[in-house]
Amino acid sequence: MSEKIAPADTCVLVTGGAGFIGSHTVVELLQDGYQVVIVDDLSNASARVLDRIATIVGEQAAANLTFYEADVNDRETLTKIFDAHHIDRVIHFAGFKAVGQSVSMPIEYYANNIGSTLTLVDVMRVHGCTSIIFSSSATVYGDPDSLPLTEASPKKPATNPYGWTKWMIEQILTDLNTADPEWNVVLLRYFNPIGAHPSGLMGEDPKGIPNNLVPYVAQTAIGKLDAVHVFGDDYDTPDGTGVRDYIHVCDLATGHASALAWMNGRTGVEVFNLGTGRGTSVLEIIHAFGRACGKEIPYVIEARRAGDVTSNYADCSKAKAQMGWKARYDIDDMCHDSWRWQSTNPDGYEG
């Protein structure tokens, strides 16, 4: 193993760093002393998050941040960025992420998500940068045979093009290491990211009608939407609604920082689950958000959606044992922080 590099000497490229998970991770990295370069085309993010990041981390740490508005698919621009900075490691968040949209726009999803990854790793290879953390997903496990899911649980066929892009990018990065064992690859499989920065300055800012449960609940709580649509109440769970492992976005951010420190000097491919290890039902989320905002959240029961699994939660003991990481926030924390963000930024970053 090579000698540990001090964070101040380490430059991290963060693709999609202005997005929901990316921006919270950038805060963590700057607070840890890293030099950070963000590449984001702002197709699903706001440039205003950069000022929020600077406010949270302070002027001195913010001086270590460089932002480029660019598409990771743009090889020429990406090459110029690598020429301008000595990039030591990459965290790859950039990608389209709406499951439903991926079903109606499969070509766009494959071209963007897989194409940008191929461009990125090729430019990395040319510049001698072989360390990458990939933002993957528990979707690669499909409908689980048993719970909790461990990193050794089998990958299953994906149920939508978005899921297939995560599945395939994991395979591409694994094959890359097989071809060149000097590659240092960490695959972080997230469960269900929710919450917001405790300051209320940063949070999830979906364009249009939210695709994910908690932003939908939050917009219902603030009066933008009439009611939460609960898809199915006849699952084999304690209250009949689907169970997921929800994780605070700030816990995800520390997970990336932990992975970045852990991977230093290593080679190979390693997989880590990032979750809480506890399943929470849709109705439990709705009730917890009601406690956070002090009022009842209206909801209506709809038919099940095709492709939804009954229950899904992680075993995260590997991340704790090897990286020293574990989730700190519970569901009430997540809902309180989401409500603080939503209530103080009713129109997101554009408000």
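Named according to an unreviewed UniProt entry, the protein is UDP-glucose 4-epimerase originating from Thermophilibacter immobilis. Heading Catalytic activity (unreviewed entry) of the UniProt record for the protein holds this comment: "UDP-alpha-D-glucose = UDP-alpha-D-galactose". As its UniProt record puts it under Cofactor (unreviewed entry), the protein is described as follows: "NAD(+)".

S.K.: So what exactly am I meant to see when it comes to the overall build of the protein here?
M.R.: The helix and strand tally for the protein stands at 12 helices and 13 strands. Relative to the 2.2 N^0.38 estimate, which gives 20 Å for 351 residues, the radius of gyration of the protein is 19 Å and therefore close to what a compact globule would have. Over its C-alpha atoms, taken along the principal directions, the protein stretches across nearly 55 × 45 × 40 Å. For the protein, buried positions account for 54% of its 351 residues. Look at the contacts in the protein between residues 6 or more apart in sequence, and 82% of them connect residues 24 or more apart.

S.K.: I tried to follow empty space enclosed by the protein on my own but got confused; where do I start?
M.R.: Rolled over the atoms, a probe sized like a water molecule indicates the empty space that remains. Going through the model one piece at a time under the given rule, you end up with 1 cavity of 30 Å³ or more. Quantified by volume, the largest cavity comes out at close to 80 Å³. Taken together, Gly195, Glu204, Pro206, Val214, Pro215, Ala218, Gln219, Ser338, Trp341 and Gln342 form the lining of the largest cavity. Of all the secondary-structure elements, those providing two or more residues to the lining of the largest cavity are α8 (213-221) and α12 (331-344). Across the lining of the largest cavity, the residue classes tally to 5 nonpolar, 4 polar and 1 charged.

S.K.: Just to check I follow, could you spell out the pattern of salt bridges for this structure?
M.R.: A side chain of one charge can pair with a side chain of the opposite charge when the charged atoms of the two come close. On inspection of all chains with the given rule, the structure shows 14 salt bridges. Among the salt bridges present, the one from Asp251 reaches Arg328, with a minimum N-O distance of 3.6 Å. Remark: Arg328 occurs in the loop between α11 (317-323) and α12 and Asp251 occurs in helix α9 (residues 249-263); sequence separation between them is 77 residues. Among the residues examined, Asp251 registers a relative accessible area of 0% and is labelled buried. Residue Arg328 is classed as exposed on the basis of its relative accessible area, which comes to 57%. Connected through shared salt-bridge partners, Arg75, Asp122 and Arg125 make up one network.

S.K.: It is not clear to me how the packing of aromatic side chains should be interpreted in this structure. Could you clarify?
M.R.: Here the structure, examined in full by the defined rule, presents 6 aromatic pairs. Ring centres 6.1 Å apart and planes at 85 degrees place the aromatic pair Phe289 and Trp339 in the edge-to-face group. Here Trp339 lies in helix α12 and Phe289 lies in helix α10 (residues 282-293), a separation of 50 residues in the sequence. The exposure class assigned to Trp339 is buried, which follows from its relative accessible area of 17%. When the ring centre of Tyr235 is taken as reference, the NZ or CZ atom of Arg304 above it lies at 3.9 Å.

Reading the values: rules and limits
- Residues numbered from 1 in each chain as written.
- Predicted model: local features only at pLDDT ≥ 70, side-chain atom pairs only at ≥ 80, totals over all residues.
- Heavy atoms only, no water.
- UniProt positions renumbered as here; feature names shortened; annotations may be inferred.
- Helix = DSSP H or I, 4+ residues; strand = E, 2+ residues; numbered from the N terminus.
- Rg over C-alpha atoms; globule rule 2.2 N^0.38 Å.
- Buried < 20%, exposed > 50% of the residue type's maximum accessible area, 1.4 Å probe, protein only.
- Contact = heavy atoms within 4.5 Å.
- 1 Å grid on protein atoms, 1.4 Å probe; cavity = no way out; pocket = protein on both sides within 12 Å on 5 of 7 lines; lining within 4 Å.
- Points joined across faces, edges and corners; volume = space filled by probe spheres on them.
- Nonpolar A, V, L, I, M, F, W, Y, C, P; charged D, E, K, R; others polar.
- Salt bridge = Lys/Arg side-chain N within 4 Å of Asp/Glu carboxyl O.
- Phe/Tyr/Trp six-rings, centres within 6.5 Å; stacked < 30°, edge-to-face > 60°.
- Lys NZ or Arg CZ within 6 Å of the ring centre and 35° of its normal.

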